[in-house]
Number of protein chains: 2
Amino acid sequence: MFTTLVAAVPAKTKTAGYGATSASAPLAPFSFARREPLPQDVQIEVLYCGVCHSDLHTVRNEWNNATFPVVPGHEIVGRVTAVGSDVKRFKVGDLAAVGCMVDSCRTCANCKAGLEQYCDVAFVGTYNSPDKHLGGMTYGGYSKSIVVDEYFVLHVPDKTNLAGVAPLLCAGITTYSPLRHWKVSKGQKVGIVGLGGLGHMGVKLANAMGAHVVLFTTSPNKKEDAQRLGAHEVVVSKNQKEMDRHLGSFDFILDTVSAPHDLNAYLTLIKRDGTLTLVGAPPQPPTIEVFNLIFKRRQLAGSLIGGIPETQEMLDFCAKHKLTSDVEVIPIQKINEAYERMLRSDVKYRFVIDMASL
Amino acid sequence: MFTTLVAAVPAKTKTAGYGATSASAPLAPFSFARREPLPQDVQIEVLYCGVCHSDLHTVRNEWNNATFPVVPGHEIVGRVTAVGSDVKRFKVGDLAAVGCMVDSCRTCANCKAGLEQYCDVAFVGTYNSPDKHLGGMTYGGYSKSIVVDEYFVLHVPDKTNLAGVAPLLCAGITTYSPLRHWKVSKGQKVGIVGLGGLGHMGVKLANAMGAHVVLFTTSPNKKEDAQRLGAHEVVVSKNQKEMDRHLGSFDFILDTVSAPHDLNAYLTLIKRDGTLTLVGAPPQPPTIEVFNLIFKRRQLAGSLIGGIPETQEMLDFCAKHKLTSDVEVIPIQKINEAYERMLRSDVKYRFVIDMASL
């Protein structure tokens, strides 16, 4: 007659990682428990983990939502070391990847549409989200191993450059999803604002989709590199004359910049029925000149990572087009230094931790 | 060997109207010239002309773009009194209507798509735009007659309530076009913000398109009237509790309010992939919380009147569904008083001038 709603706590094993115990503490060796694989779980030895700016924001509690200790990392590539009894799509020895999500409600309209990132209940982040199995918070990929429900584990079709694949799990899908959703294709003129971890993937992906790609940057010295990555044109956004040459000409612009900047300057570059999509949120809410929307029926939109089916599609697309992230591989002992360099944009274009160093 | 690019000035006839000679002058009787119909022109005796808030903005030069004298009026219904030799779609005695535009470049991609309102060169407004035939500026519908290129003249399928048809030419098409463009249909939940000249048409049209219509207003006393017009629910936007009941539930919201207000309050009511479209521009650029866009892939957009083919489609749709504007018919001698009342929102919901009074 009675059922219990509290799942039995699964068996646990210790794993090693790097974590922060407070907003002011550096990342340091940290030992914690992972659950033993449940029937639907895949256990993964982490080989590489990308370093996302969100890791830094969370570790330093800049979004005021961190629960310490924090073990960051949501750009994970590894090898399967064990699978639960119900797992069908993975076996021991397979390559596997995990991105920003490790669970969601699975029942709302968004989850059913494969858009778990917009889950009406809230997706479970790979780190710093409530852990329904062990209690406490989820711990991310700056660690030796991770255990994730099969549904949220991706196949890795590119076996040759695993370090370069890791950042695809966040930087890749965050730019791929809006480029696909707004139907970027051959014959279109597409802008990418900013050449960082996200922007450099945006340039590569939009190029591979066949668009004429224009990179907007505040740094004239990024011109050559942007062209190497796939930009057909580079516009220095501080140069009003250069900007004016592109008025009303873009089908789509993807803005990857979180630093405060004027969105109206980009809205005016968009043609009728085009869209400016933001994947970064400036700390201060930007102001919008409404006439810039009305006079060409333009749209301002946002986009959040991507769903699990689309993340697999992106990994397959990147393998097919031989696209990976440009990375600098570091041992985990250099992570605090890497954060400082990331703040100075001193990385081309993503740090990736070689987890063998742990 | 030589051609001249300056068209010969056509023959002119005098007509009577009401105009303003400066930003501080009231509207007063004003006599001016109309061209005799050129081969492609339709000459129309104005029977009714709606009073749009833009008329007031222009007459008082509140947008700093008025060239005086100004004869306003772009919600025109009348009867054809003469046609040029090339005119095929109208004959003397037909009912005819003219909206916000009387010309455009006709050659850009937008014009060719029937979206003359987004003409890359700039459409020619029915008033206060350069008049390429007579020089000076175009003069609008607060007048006995008007001469317009056949392409920009609409047929009037509803012969029974011509005064109620007049506001469809601006208030009607401005709300119809975005409702159509964002594919409002049966089964959807659609919000209309504001119950003025535009909003009351938005309610009627969204209802006729089969949507579940929610009207947002700051005035609790508008509830009953909104329901009479077709709103299924009315939300008092100052009541946070009422607003919160609708979080994340709208497919589309059309915002008709030009007064300053918080757009974020409406963005949060929209579901994943939904759109908030603005047809009014607040005097101060609004601020947008970017997370409101990112977390549900929401869109903020603008929309401007509608193209000529869509304006005809709207008039046909309204005739089929027996929709007209709720109007208060006035003689032209009361126009200055009507402007004062319009500023107090003391009109349900559009003043229309009976031009026989002139």
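What counts, and where the lines are drawn
- All residue numbers refer to positions counted from 1 along the written sequence of the respective chain.
- As they are written, the chains are lettered A onward and the ligands numbered 1 onward, keeping that order.
- The predicted nature of this model means local features are confined to residues of pLDDT at least 70 and side-chain atom pairs, given and counted, to a pLDDT of 80 or more, with totals for whole chains, interfaces and linings taken over all residues.
- Based on all heavy atoms of the structure, the side-chain values leave hydrogens and waters out of the count.
- For this document, the term salt bridge refers to a Lys or Arg side-chain nitrogen within 4 Å of an Asp or Glu carboxyl oxygen.
- By definition, any uninterrupted DSSP run of H or I lasting at least four residues is a helix, any uninterrupted run of E lasting at least two residues is a strand, and each is numbered from the N terminus.
- Only protein chains enter the area calculation, which uses a 1.4 Å probe; residues under 20% of their type maximum are buried, those over 50% are exposed, and those in between are partly exposed.
- Contacts: residue pairs with any heavy atoms within 4.5 Å of one another.
- Here the quantity called buried area is the accessible surface, traced with a 1.4 Å probe, that two parts lose on coming together, added over both.
- By the criterion applied in these results, polar contacts are pairs of N or O atoms within 3.5 Å in which, for protein atoms, one can donate a hydrogen and the other can accept it, and in which residues neighboring in sequence qualify only through two side-chain atoms.
- Under the scheme applied here, ten amino acids are nonpolar (Ala, Val, Leu, Ile, Met, Phe, Trp, Tyr, Cys and Pro), four are charged (Asp, Glu, Lys and Arg), and all others, including Gly, are polar.
- One bridge is not enough; two strands pair if DSSP finds at least two bridges between them.
- Copy-to-copy superposition: least squares on the C-alpha atoms, limited to residues that have pLDDT of at least 70 in both copies.
- Note that the domain bounds reflect an automated or database-derived domain assignment.
- Axes, fitted as lines to C-alpha atoms, cover a helix only where it is in contact. Angles between the N-to-C directions of the axes lie from 0 to 180 degrees.
- A clockwise path from the first strand over the helix to the second, with the strands pointing away from the viewer, defines a right-handed crossover.
- Reported orientations rely on four angle classes, namely roughly parallel under 35 degrees, roughly antiparallel over 145, roughly perpendicular from 65 to 115, and oblique for the rest.
- Only Phe, Tyr and Trp rings are paired, with Trp represented by its six-membered ring, and only when their centres lie within 6.5 Å; those with planes under 30 degrees apart are stacked, over 60 edge-to-face, the remainder tilted.

1. Describing the pattern of salt bridges
All names here are of chain A. Taken as a whole and assessed by the stated rule, the structure comprises 36 salt bridges over all chains. A salt bridge links arginine 341 to glutamate 328, with the nearest nitrogen and oxygen atoms 2.8 Å apart. Note that arginine 341 is positioned in helix α11 (residues 335-343) and glutamate 328 in strand β16 (residues 327-331), a separation of 13 residues in sequence. We classify arginine 341 as buried; its relative accessible area is 18%.

2. A closer look at the interface of chain B and chain A
Chain B puts 37 residues into the contact, and the matching count from chain A is 37 residues. Roughly 3100 Å² is buried in total at the junction of chain B and chain A, and carbon and sulfur atoms are behind 62% of that figure. Of all residues in chain B, the largest losses of buried area upon contact with chain A belong to B:Arg272, B:Ile294 and B:Arg297, amounting jointly to 22% of the total for that side. Taken together, the links from chain B to chain A amount to 2 salt bridges. Notably, a salt bridge pairs B:Asp120 with A:Lys296, separated by 3.1 Å at the nearest N-O pair. One can count 15 residue pairs in polar contact (both at pLDDT 80 or more) joining chain B with chain A. Contributing elements (two or more residues each) for the side of chain B that touches chain A: α2 (109-112), α4 (171-181), β13 (270-278), α9 (290-294) and β14 (299-302) of chain B. A per-class count over the side of chain B that touches chain A returns 21 nonpolar, 9 polar and 7 charged. For strand β15 (residues 299-302) of chain A and β14(B), the ladder comprises 3 bridges, and the chain directions are antiparallel. Residue pairing in the sheet places A:Leu300 in a bridge with B:Leu300 of β14(B).

3. Some details on the relation of the copies chain B and chain A
Of the transformation placing chain B onto chain A, the axial shift is 0.0 Å and the rotation is 180°, giving an RMSD of 0.0 Å. Expressed as a symmetry operation, the mapping of one chain copy onto the other fits a two-fold axis. It is B:Thr287 whose C-alpha, among those of chain B, lies nearest the rotation axis, at 2.1 Å. Comparing interface residues between copies, 100% of those in chain B also lie at the interface in chain A; the contact surface is shared.

4. Thoughts on the domain arrangement of chain A
Residue and element names in this part refer to chain A. Looking at the assigned domains, one finds that chain A contains domain 1 (12-170 + 307-357) and domain 2 (172-302). With 18 residues of domain 1 in contact, the opposing surface of domain 2 contributes 19 residues. Note on domain 1 versus domain 2: buried area summed over both sides is about 1600 Å², and carbon and sulfur give 57% of it. When the buried area of domain 1 at its contact with domain 2 is split by residue, Glu310, Phe317 and Tyr349 rank highest and sum to 37% of it. The interface formed by domain 1 and domain 2 includes 3 salt bridges. The residue arginine 180 makes a salt bridge to glutamate 313 at a minimum N-O spacing of 3.5 Å. Linking domain 1 to domain 2 there are 15 residue pairs in polar contact (both at pLDDT 80 or more). Partitioned by chemical class, the residues of the side of domain 1 that touches domain 2 number 9 nonpolar, 4 polar and 5 charged.

5. Quick word on the sheet that holds β13(B)
Reading across from one edge, β12(A)-β11(A)-β10(A)-β13(A)-β14(A)-β15(A)-β14(B)-β13(B)-β12(B)-β9(B)-β10(B)-β11(B) is the order of the 12 strands in this open sheet, with mixed pairing throughout. Looking along the sheet, the strands with just one partner apiece sit at the ends: β12 (233-236) of chain A together with β11 (233-236) of chain B. Across the sheet, the mean angle separating the axes of adjacent strands is 20° when strand polarity is ignored. With 5 bridges joining them, strand β13 (residues 250-255) of chain A and strand β14 (residues 270-278) of chain A adopt parallel strand pairing. Paired with A:Ile253 across the two strands is A:Leu276, which belongs to β14(A). Helix α5 (residues 197-208) of chain A rests against β10 (189-193) and β11 (212-217) of chain A of the sheet, and its axis sits at about 165° to β10(A). Running at roughly 160° to strand β12 (residues 250-255) of chain B, α4(B) makes contact with β14 of chain A together with β9 (189-193), β12 and β13 of chain B of the sheet.

6. Section: the pairing of β9(B)
Residues and elements named next belong to chain B. In terms of burial, β9 is a largely internal element, 5 of the 5 residues being buried. Because side chains alternate across β9, one face comprises the buried residues Lys189, Gly191 and Val193, and the other comprises Val190 and Ile192, equally buried. Pairing of β9 with strand β10 (residues 212-217), which is carried by 5 bridges, proceeds in the parallel orientation. If you follow isoleucine 192 over to β10, its bridge partner there is leucine 215. Crossover connection from β9 via helix α5 (residues 197-208) to parallel β10: handedness right-handed. In terms of strand pairing, β9 meets β12 through 4 bridges, oriented parallel. Looking at β12, one finds that valine 193 is bridged to aspartate 255.

7. Examining the packing of helix α4 (residues 171-181) of chain A against helix α10 (residues 308-320) of chain A
Any two packed helices are characterised by how steeply their axes cross, that is the angle between the axes, and by the distance between the axes. Residue and element names in this part refer to chain A. Close contact between α4 and α10 brings their axes to 10 Å; oriented N to C, the two are set at 100°. By the criterion of interaxial angle, the relationship of α4 to α10 is roughly perpendicular. Seen from α4, the contacting residues are Gly172, Ile173, Tyr176, Ser177 and Arg180; seen from α10, they are Glu310, Thr311, Glu313, Met314 and Phe317. Its residues assigned to classes, the contact of α4 with α10 shows 4 nonpolar, 3 polar and 3 charged.

8. Observations regarding the packing of aromatic side chains
Residues and elements named next belong to chain A. Evaluation of the coordinates by the stated rule reveals 18 aromatic pairs over all chains. Measuring from ring centre to ring centre gives 5.5 Å for phenylalanine 216 and phenylalanine 250, while their planes differ by 55°; the resulting arrangement is tilted. Of this pair, phenylalanine 216 sits in strand β11 while phenylalanine 250 sits in strand β13, placing them 34 residues apart in sequence. For the pair phenylalanine 216 and phenylalanine 250, a shared accessibility class is recorded, and that class is buried.

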